[in-house]
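# Fold and contact review
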Amino acid sequence: MSPRARLPRQDCAHCGRHERCTRIVLEQPVCQRCTLRFARTAQACPGCANIRVLAFYDGDRRPSCATCTGNEAVYACTDCGREDSPWGRLCGHCALKEKATALLSGPDGGIHPQLRPVHEALVCGPRPQTTLYWFTRSTGPSVLAAMARGDIEISHATFEAMPADKTHNYLRDLLAALGVLPPFHAELERVTPWLNQLLSTLPDEHAEVLNRFARWQVLRRLRREEQRGTLTHGAISAARATIVVTARFLGWLTEHRMDLADLTQDDLDRYAEQHRARVTALRPFLTWCEATDLGRELSPPKRPDLQPAVTLPDEDRWRHVQLLLHDDTIRLYTRIAGLFVLLYAQPLARVCRMRVDQITVTAAGITRATFDTYPIELPDPLDHLVRTHLTRRGQASYASRPDTWLFPGGIPGKHLVTENIRSQLVARGIQPLAARNAAMFQLASTMPTPILAEILGLSPTTATRWAALAARDWSTYTALRDRALQQ
Ligand SMILES: [Zn+2]
Ligand SMILES: [Zn+2]
Ligand SMILES: [Zn+2]
């Protein structure tokens, strides 16, 4: 017979149920369920100010902790003594440490050296209960355990051999974010299998050239961008387009019984005539051919001049600004990101990649954002929104702690995806590209072009195009700026 079964049933002083009462709380017998509820509601003790379970009266009849009232510390973790985070006989922190250590220990009993950062991330997380719950509900921990035992390799190849489901993707991202696995980008990793498939459909001589171009030029550039943290969905799409257009161009050569080595400028111009839409995407290949002596010195066909287009009237733009400034039903990060687009002409993809250190708050409470070189003071109430956001973004789960993104995403170590914010803006009638163009037009008509370029991080060509559209003149601005600088 267990000790509890021997207890007589009586009325619980808290819930009134006729139960076996296991504990005395505030001098009254309470049932098992009420004891648990009590144990989970630790508060500041009036005697010692520690966060404790206040189940005893002190001399002034104030509910106080066991220590302050000379009672046995029945609610304390048997390892560390804290009472604010119960998990059985231990606290959540100690329970998690015990479980994580057992999970990540190798055959020799110590934590697998490569998995130490995982152990630290798990144990130091702000909400141990959430992680303990993950241990019981997910198959992810068993993969970690198998890695610790040495049953499976700690590598990207291991994950490539597993189903690419949510659990495995999460774990892979976590290991990459913690530096256990080399950095990796899921969308980028999908390009290689896709390329191999495409190459298998081409004649050998074309496959060979395209393979070299794609791997050494296109993919290498994407990997560099990935390492710098500037890789976007758009860049990957553009890279795929370049590869496809190049494959078609090689097909066109065969069709016209031409060799890449004999290609003349006339041939190229003829191709450009027939395939206007593909010319831009072909430029990287032609440039590469020239650099690698594969082709002659051919000038890549001229890109048709891209004129900026403004389709959003300024009053609509200000209506959107008002909406985002004041509508609390829209998520805060969406409002801020949208306002950066609408007010500062920032591309949404770039806003998503902003880091926390691009925002500074002075002691006087002035909030500045540095989009490119120079900090810009944010006006009220945008500054207020940004400051509130800064206090909230720290609540991301343990797995995204190592990142410093201004808009951390759900995937460990990654920023929010552009689509997340874009879809929310579109749902409120705001088209980010049109909004950005309208903002650029407005800024170009009020701000000297070189300053526009420097502050917002535009290329001088882009800034000039916008200034031209806003019927402004380069030279006027240069003179204006020089005068400003002299003052
Ligand atoms: Zn009860
Ligand atoms: Zn106390
Ligand atoms: Zn403890």
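Now for a quick tour of the structure. (Residues numbered from 1 in each chain as written. Chains lettered and ligands numbered in written order. Predicted model: local features only at pLDDT ≥ 70, side-chain atom pairs only at ≥ 80, totals over all residues. Heavy atoms only, no water.)

## Focus on the pairing of strand 2 (residues 18–25)
Bridge count for strand 1 (residues 9–11) against strand 2 is three bridges, and the pairing is antiparallel. Across the sheet, residue Arg9 finds its bridge partner in strand 2, namely Arg20. Hairpin geometry of strand 1 and strand 2 is characterised by an intervening segment of six residues between the two adjacent antiparallel strands and by a positive phi of about 85° at Gly16. In this sheet, strand 3 (residues 28–31) lies alongside strand 2 in antiparallel orientation, the contact comprising four bridges. Paired with Ile24 across the bridge in strand 3 is Pro29. Taking the residues that link successive antiparallel strands as the turn, the strand 2-strand 3 hairpin has two residues, and the phi of Leu26 there is positive, at about 50°. (Pairing = 2+ DSSP bridges. Helix = DSSP H or I, 4+ residues; strand = E, 2+ residues; numbered from the N terminus.)

## Quick word on the nonpolar core
Formed by 41 residues in total, the largest nonpolar core has its most connected members in Leu339, Phe340, Tyr344, Leu382, Phe407 and Ile421. When contributions to this core are tallied by element, the ones reaching two or more residues are helix 15 (314–326), helix 16 (332–344), helix 17 (348–352), helix 18 (382–392), helix 19 (418–427) and helix 20 (432–446). When residues of this core are assigned to their parent elements, the largest contribution, 10 residues, is made by helix 16. Apart from residues lying up to four places away in sequence, Tyr344 is in contact with Leu339, Phe371, Ile376, Glu377, Leu378, Pro379, Leu382, Leu443 and Leu456. Counting 36 residues, the second largest nonpolar core, distinct from the first, contains Leu198, Leu199, Trp252 and Leu260. (Core = buried A, V, L, I, M, F, W, Y, C linked by side-chain atoms within 4.5 Å. Buried < 20%, exposed > 50% of the residue type's maximum accessible area, 1.4 Å probe, protein only. Contact = heavy atoms within 4.5 Å.)

## Brief notes about the sheet that holds strand 2
In space, the three strands of this open sheet follow the order 1-2-3, with antiparallel pairing throughout. Two strands in the sheet have a free side with no partner beyond their single neighbour: strand 1 and strand 3. Within the sheet, the average angular offset between the axes of one strand and its neighbour, ignoring direction, is 65°. Those strands touched by helix 2 (residues 32–39) are strand 2 and strand 3, and its axis lies near 100° from that of strand 3. (Axes fitted to C-alpha atoms, helices over the stretch in contact; angles between N-to-C directions.)

## Observations regarding the sheet that holds strand 11 (residues 367–370)
An order of 10-11-12 is seen for the three strands of this open sheet, with the pairing classed as antiparallel. Both outer strands of the open sheet, strand 10 (359–361) and strand 12 (375–377), are each paired with one neighbouring strand and no more. Direction aside, neighbouring strands of the sheet carry axes that sit 30° apart on average. One ladder, built from three bridges, connects strand 10 with strand 11; its direction is antiparallel. For Ile359, the partnering residue across the bridge sits in strand 11 and is Ala369. Packing against the sheet, helix 18 makes contact with strand 10 and strand 11, and its axis sits at approximately 100° to strand 10.

## Points about the coordination of the zinc ion (ligand 1)
Taken together, the protein donors to the zinc ion (ligand 1) comprise Cys12 (SG), Cys15 (SG), Cys31 (SG) and Cys34 (SG), at separations of 2.2 to 2.3 Å. Considering all four donor atoms around the zinc ion (ligand 1), the spread of angles at the metal, 103 to 118°, places the coordination shape in the tetrahedral class. When the donor residues of the zinc ion (ligand 1) are listed from N- to C-terminus, their spacing reads C-x2-C-x15-C-x2-C. Here Cys12, found in the loop between strand 1 and strand 2, pairs with Cys34, found in helix 2; they are 22 residues apart in sequence, far enough to count as distant. Judged by its relative accessible area of 2%, Cys34 is buried. (Donors = N, O, S within 2.8 Å, 3.2 Å for Na, K, Ca; no water. Tetrahedral: all angles 85-135°; square planar, octahedral: opposite > 155°, others 65-115°.)

## Re a negative patch on the surface
On the surface, Asp204, Glu205, Asp259 and Asp262 cluster together into a patch of negative charge. By the secondary structure assignment, Glu205 is in helix 11 (residues 204–228). (Patch = residues over 30% accessible without salt bridge, like charges linked within 9 Å, V, L, I, M, F, W, Y side chains within 5 Å. Areas by Shrake-Rupley, 256 points an atom, 1.4 Å probe, with all protein chains shown as cover. Salt bridge = Lys/Arg side-chain N within 4 Å of Asp/Glu carboxyl O. Lys, Arg positive; Asp, Glu negative; His and termini not counted. Charge placed at Lys NZ, Arg CZ, Asp CG, Glu CD.)

## Structural notes on the packing of aromatic side chains
Across all of its chains, the model carries 13 aromatic pairs by this definition. In this structure an aromatic cluster arises from ring pairing among Phe213, Phe249, Trp252, Tyr271, Phe285 and Trp288. Positioned over the ring face of Tyr57 is Arg61, at 4.0 Å from the centre of the ring. (Phe/Tyr/Trp six-rings, centres within 6.5 Å; stacked < 30°, edge-to-face > 60°. Lys NZ or Arg CZ within 6 Å of the ring centre and 35° of its normal.)

## Quick notes on the environment of Val143
Mapped onto the elements, Val143 comes out in helix 6 (residues 140–149). Residues Val143 and Leu103, 40 residues apart in the sequence, show an inter-C-alpha distance of 9.8 Å. If near-sequence neighbours (up to four positions away) are discounted, Val143 is found in contact with Ile152, Met162, His168 and Leu171.

## Things to note about the coordination of the zinc ion (ligand 3)
Here the zinc ion (ligand 3) is held by the protein donor atoms Cys77 (SG), Cys80 (SG), Cys91 (SG) and Cys94 (SG), which lie 2.2 to 2.4 Å from it. Around the zinc ion (ligand 3), the four donor atoms sit at angles spanning 103 to 115°, and that spread fits a shape best called tetrahedral. Here the donor residues of the zinc ion (ligand 3) share one chain and are spaced in sequence as C-x2-C-x10-C-x2-C. The exposure class assigned to Cys94 is buried, which follows from its relative accessible area of 14%.

## So, the pattern of salt bridges
One pass over the structure, following the stated rule, counts 15 salt bridges. One salt bridge in this structure joins Asp58 and Arg62, with 2.9 Å as the shortest N-O distance. Arg62 gets classed as partly exposed once you look at its relative accessible area, which sits at 37%. Among the ionic pairs, Asp84 bridges to Arg82, the shortest N-O distance being 2.8 Å. Taking the relative accessible area as the measure of exposure, Arg82 reaches 33% and is therefore partly exposed.

## A look at helix 15
Taking 1.5 Å per residue as the helical rise, helix 15 with its 13 residues ought to reach 18 Å, and the 19 Å between its terminal C-alpha atoms agrees with that figure. Along helix 15, the residues that are buried comprise Arg317, His320, Val321, Leu324 and Leu325. Taken down its axis, helix 15 places every buried residue within 130° of arc, on the same side. For helix 15, the exposed residues set more than 90 degrees away from the buried face come down to Glu315, Arg319 and His326. (Expected span 1.5 Å × (residues − 1). Arc of directions from axis to C-beta.)

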